[in-house]
Amino acid sequence: IYTLGYEGISLETYINKLIKHNIGLLCDVRKTPFSRKFGFSCKTLSNLLPKVGIDYVHIPQLGIESNKRQDLDNKEAYKKLFDEYKTTLPDREEALDKVLNLQKKYQRIALTCFEKLHHECHRHCVSDYLANKYNAQVVHL
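Draft legend 1. How the structure looks around the sheet that holds strand 4 (residues 109–113). Read from one edge of the open sheet, 5 strands run 3-2-4-1-5, paired in parallel fashion. Here the strands that pair on one side only, and so sit at the sheet edges, are strand 3 (55–58) and strand 5 (139–140). Pairing of strand 1 (residues 2–5) with strand 4, which is carried by 4 bridges, proceeds in the parallel orientation. Pairing of Tyr-2 across the sheet is with Ala-110, part of strand 4. Each of strand 1, strand 2 (25–28) and strand 4 touches helix 1 (residues 11–20); the most contacted strand, strand 1, lies at about 170° to it. The strands that helix 5 (residues 123–134) touches are strand 1, strand 4 and strand 5; relative to strand 4, the one it contacts most, it runs at about 150°.

See the structure below:
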């Protein structure tokens, strides 16, 4: 399982990273899969990625409500958000099972969200959970 954020990179660079790592499926773990950054909304990704051999799925159950992502201006705020989010992961087993089943089917999948650095994004909480509970191997791109 790979993780990748699109902050600070172009759509071309983003897609090239997916291709370079032989990703077969992109799992969008944003609650709301829309972006002000060109090309990173669900509609564009779901139309464009299959043209380069990468499937796309949106898993909103693994997202964080936008009101909880406000005022993240220091490490402590991120820590508090992620600590709270981690406590909800056992309640998201259906979505986590979906990720695991998709990984078995596609072999190489990527979890995606906005933030460039995985430790500043909830996708690391998801990948850490899968690594700890199911021994999934994780690579942060």
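So that's the structure; there's more coming.
Draft legend 2. Here's a closer look at the nonpolar core. Membership of the largest hydrophobic core comes to 27 residues, with the highest contact counts inside it found for Cys-27, Ile-59, Leu-62, Val-99, Val-126 and Leu-130. Those elements that provide at least two residues to this core are strand 2, helix 3 (75–88), helix 4 (93–106), strand 4 and helix 5. Residue contributions to this core peak at 5 residues, all from helix 4. Sequence-distant contacts of Leu-62, that is, excluding residues within four places in its chain, are made with Val-29, Tyr-85, Arg-92, Ala-95, Leu-96, Val-99, His-122 and Val-126. Listed in part, the 16 residues of the second largest apolar core include Tyr-14, Leu-26, Phe-40 and Leu-49.

Cut-offs used in this document
Residues numbered from 1 in each chain as written. Predicted model: local features only at pLDDT ≥ 70, side-chain atom pairs only at ≥ 80, totals over all residues. Heavy atoms only, no water. Pairing = 2+ DSSP bridges. Helix = DSSP H or I, 4+ residues; strand = E, 2+ residues; numbered from the N terminus. Contact = heavy atoms within 4.5 Å. Axes fitted to C-alpha atoms, helices over the stretch in contact; angles between N-to-C directions. Core = buried A, V, L, I, M, F, W, Y, C linked by side-chain atoms within 4.5 Å. Buried < 20%, exposed > 50% of the residue type's maximum accessible area, 1.4 Å probe, protein only.

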